[in-house]
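As a plain string of letters, each chain reads:
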Amino acid sequence: MTNFEEACKMSAEKWAASLPDEVEVHKFSQKHIDAINEIIYPKPAVKVKKLSKKTIRFIIIAAVLLALATTAIASPAFRQFTLKDFSNHSEYRVGDTKNVPALTDLKVNYIPKGFKETYSYKKYSYGYTNANKYIYIDKLRLDTEIAFDNETSKSENVTIKGAKAIYYITDNNVGTIIYNDGNYIYNIHGNISKEELVKIAQNVE
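These numbers come from a predicted model, not from an experiment.

Conventions and cut-offs
Residues numbered from 1 in each chain as written. Predicted model: local features only at pLDDT ≥ 70, side-chain atom pairs only at ≥ 80, totals over all residues. Heavy atoms only, no water. Core = buried A, V, L, I, M, F, W, Y, C linked by side-chain atoms within 4.5 Å. Buried < 20%, exposed > 50% of the residue type's maximum accessible area, 1.4 Å probe, protein only. Helix = DSSP H or I, 4+ residues; strand = E, 2+ residues; numbered from the N terminus. Contact = heavy atoms within 4.5 Å. Lys, Arg positive; Asp, Glu negative; His and termini not counted. Salt bridge = Lys/Arg side-chain N within 4 Å of Asp/Glu carboxyl O. Polar contact = N/O pair within 3.5 Å; in protein donor to acceptor, adjacent residues only side chain to side chain. Pairing = 2+ DSSP bridges. Axes fitted to C-alpha atoms, helices over the stretch in contact; angles between N-to-C directions.

1. A closer look at the nonpolar core
Part 1 of the reasoning: With 21 residues, the main nonpolar core has Ile 137, Ile 177, Tyr 179 and Ile 188 as its most contacted residues.
Part 2 of the reasoning: Elements that contribute at least two residues to this core include exactly β4 (125-130), β5 (133-140), β7 (153-160), β8 (163-170), β9 (175-180), β10 (185-190) and α4 (194-201).
Part 3 of the reasoning: The contact partners of Ile 188, leaving out residues within four places of it in the chain, are Tyr 136, Ile 137, Gly 175, Thr 176, Ile 177, Tyr 179, Leu 197, Ile 200 and Ala 201.
Part 4 of the reasoning: Within the second largest apolar cluster, eleven residues are counted, among which are Phe 81, Val 100, Ile 166 and Ile 178.

2. What about the side chain of Asp 181?
Part 1 of the reasoning: Take Asp 181: it is sitting in the loop between β9 and β10.
Part 2 of the reasoning: Look at Asp 181: it is buried, it has no salt bridge, and the nearest opposite charge is Lys 161 at 5.6 Å.
Part 3 of the reasoning: Among the polar contacts made by the side chain of Asp 181, one reaches the main-chain amide nitrogen of Asn 183 at a distance of 2.9 Å.
Part 4 of the reasoning: Reaching out from Asp 181, the side chain makes a polar contact with the backbone nitrogen of Tyr 184 at a distance of 2.9 Å.

3. Some thoughts on the sheet that holds β7
Part 1 of the reasoning: On the basis of which strands lie adjacent, the open sheet formed by seven strands has the order β3-β4-β5-β10-β9-β8-β7 and antiparallel pairing. The open sheet terminates on both sides in strands that have one partner only, identified here as β3 (116-121) and β7. The average angle at which neighbouring strand axes cross in this sheet is 15°, direction not considered.
Part 2 of the reasoning: Here four bridges tie β8 to β9, and the two strands are oriented antiparallel to one another.

4. With respect to the pairing of β4
Part 1 of the reasoning: Of the strand pairs in this sheet, β3 and β4 are connected by five bridges, and their pairing is antiparallel. When the sheet's bridge partners are listed, Ser 120 is paired in β4 with Tyr 126.
Part 2 of the reasoning: A loop of three residues connects β3 with β4, the two strands running antiparallel in sequence, and Lys 122 in this loop sits at a positive phi of about 50°.
Part 3 of the reasoning: Looking at chain direction, β4 and β5 are connected through six bridges and run antiparallel.

Okay, structure coming up:
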């Protein structure tokens, strides 16, 4: 043993002899214990199972169907209505008028280009004109009855926002759409095309 090695041994023995006979037990933190356990007892690797294209397709279809079902439930359903015919006119009436909500402001989100607002009444009714063309839009309570001339007009069913609606046009080419969204009745009429009336009806609330 060299002199250096002998000196290191003596120093170590001297340091060991200086320690107290009884040493207080050290308490390791839970974080330290968990770290040691992970080293000694490593967790087995989790195997991720690769999904087949068929399984992925099934999951996507199920998600789409669920979204459609949720939308259908959330969307307000229109209330059934009747058209009562008289000798010279017909009346649009909603059958179930229980819990009729109070009127709220009419919002018109689409008007054909060139039309300007020229009439309004209590924010429930608006009129627009463009030269000799005109459009009138009314928002009404569900218990309102709407009459129209059946002698000089013909009617047909159309669909607005998924709801059944009535479209009728007079001999002088004035068209009208009447429908309800379950909360209110909307009456849109004017001497413009059926396509434009439908587009307006799809964009009122």
